[in-house]
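# What the coordinates show
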Amino acid sequence: MTTTFEATPSVPDGKFPSPAFCVFSNRFLAVIVAMITVKLKHGALLDNNVAPLRAFAPCALSNTLSSWSQYASLRYVSFPVQTVFKSSKIIPVMLMGKFLKGTSYPGSQYIEALIITVGVAIFSLFSKESDQDSSTQIFGLIIMVCYITCDCFTSQWQDKIYVMYGKPNVDPYQMMLGVNSSAIVITTVGLIVTGDFPIVYEFLCANPNVFVYNVITAITSAFGQLCIYYTIKEFGPIAFTIIMTTRQMMSICISAFLFQHVISSKAICGAMLVFGVLFYQIRRKYRARQEKFELAK
């Protein structure tokens, strides 16, 4: 989205013209992968679905808007602002769970989420620099708010589907098929209405390597979704969000190790905050299981 390619008459700045097409290509391959996995596991695509397709439409719409916002924001938002927004999803997910399902969380969990958010933001901001000089625009902030809101809604609605129709009755592959079937319709309509199809076709003809990038992104997105839906089903949206928030720390650490980048002391302090909370959560859950086991004797 930020790389300059060969310009075309419709795209004189040479930058990929359609975030919606990136979402479309991801959903297109995801539908194919989901159809294959559902067919292999259940022997039919829809016959064994307890949840109707309309149940997936709300999170398909929010997921599409979230993905579009993530791609579109790259042009309008600076690196520090992107980092802060992407690090701050845990508490909004908890608030969305309370709004959608009436789920209540103890105050200690909000404090832990806040510490993780601050730690990840500190680590990310002080461990690498932006590779672009873009400034933050008001429109970019609006897009990022849309991204956070829709992303939080998506995982909580998916969890709501598991609760409504029963986890044994909806597996991650059926969830993936239902969400992406609705999403592919939404993105196709959007591309037709905006007239992006001919513009993207012209751009891809002039820059065939961009098509390869789209395919690679679609492949990683499709197989990543298999892990995402499984995690949400088995561990819930809060655990999933914590994993997605802290994973950028792991990727930065791996990058620093491979390319011998220096991680500042401030970044290390941020990492210590995050892992301190995570280890505390693990210890707390372990002790709770031990106490439960002792009471059952």
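Position numbers for residues count from 1 along each chain, tracking the sequence in the order it is written. Totals for whole chains, interfaces and linings use all residues, but because this is a predicted model, local features are given only for residues with pLDDT of at least 70 and pairs of side-chain atoms are given and counted only at 80 or more. Note: side-chain values were computed over all heavy atoms of the structure, leaving out hydrogens and water.

### Here we look at the side chain of serine 18
Helix and strand definitions here come from DSSP, where helices need a minimum of 4 consecutive H or I residues and strands a minimum of 2 consecutive E residues; each element is numbered from the N-terminal end. Relative to the helices and strands, serine 18 is located in the segment before helix H1 (19-42). Here's how the labels work: a residue is buried when its accessible area is under 20% of the maximum for its type, exposed when over 50%, partly exposed in between, all with a 1.4 Å probe on protein chains only. What makes serine 18 buried here is its relative accessible area of 1%. Contacts: residue pairs with any heavy atoms within 4.5 Å of one another. The residues touching serine 18, leaving out its near neighbours within four places in the chain, are Leu191, Asp196 and Val200.

### What to know about the packing of helix H7 (residues 172-194) against helix H9 (residues 208-235)
When two helices pack together, their arrangement is given by the angle between their axes and by how far apart the axes lie. Contact geometry of H7 with H9 gives a least axis separation of 9 Å together with a crossing angle of 120°. Between H7 and H9, the angle falls in the class oblique. Here the hand of the crossing between H7 and H9 comes out right-handed. Residues Pro172, Tyr173, Met175, Met176, Val179 and Asn180 of H7 pack against Ala222, Gln225, Leu226, Tyr229, Tyr230 and Lys233 of H9. Here the axes come from fitting lines to C-alpha atoms, over the contacting stretch only for helices, and the angles between their N-to-C directions go from 0 to 180 degrees. Roughly parallel here means an angle under 35 degrees, roughly antiparallel means over 145, roughly perpendicular means 65 to 115, and every remaining angle is called oblique. Should the near helix be turned anticlockwise from the far one by less than a right angle, the crossing is termed left-handed; should it be turned clockwise, right-handed.

### Looking at H1
Given a helix with a known number of residues, its expected span is that number minus one, times 1.5 Å. Spanning 24 residues, H1 covers 34 Å between terminal C-alpha atoms, matching the ideal 34 Å at 1.5 Å per step. Following H1 by one or two positions, glycine 43 has its phi on the positive side, about 80°.

### Considering the packing of aromatic side chains
Within 6.5 Å between ring centres, the rings of Phe, Tyr and Trp (the latter by its six-membered ring) count as paired, and their orientation is classed by plane angle as stacked under 30 degrees, edge-to-face over 60, tilted in between. If you walk through the whole model with that rule in mind, you get 10 aromatic pairs. Measuring from centroid to centroid gives 5.8 Å for phenylalanine 16 and phenylalanine 203, while their planes differ by 80°, and the two rings are edge-to-face. Taken together, the positions of phenylalanine 16 in the segment before H1 and phenylalanine 203 in helix H8 (residues 196-206) put the pair 187 residues apart, joining distant regions of the chain. On the basis of relative accessible area, phenylalanine 16 is assigned to the buried category, the value being 4%. A ring pair is formed by phenylalanine 24 and phenylalanine 197, whose centres lie 5.7 Å apart and whose planes are at 90°; its orientation type is edge-to-face. On the criterion of sequence distance, the pair formed by phenylalanine 24 in helix H1 and phenylalanine 197 in helix H8 is long-range, its members being 173 residues apart.

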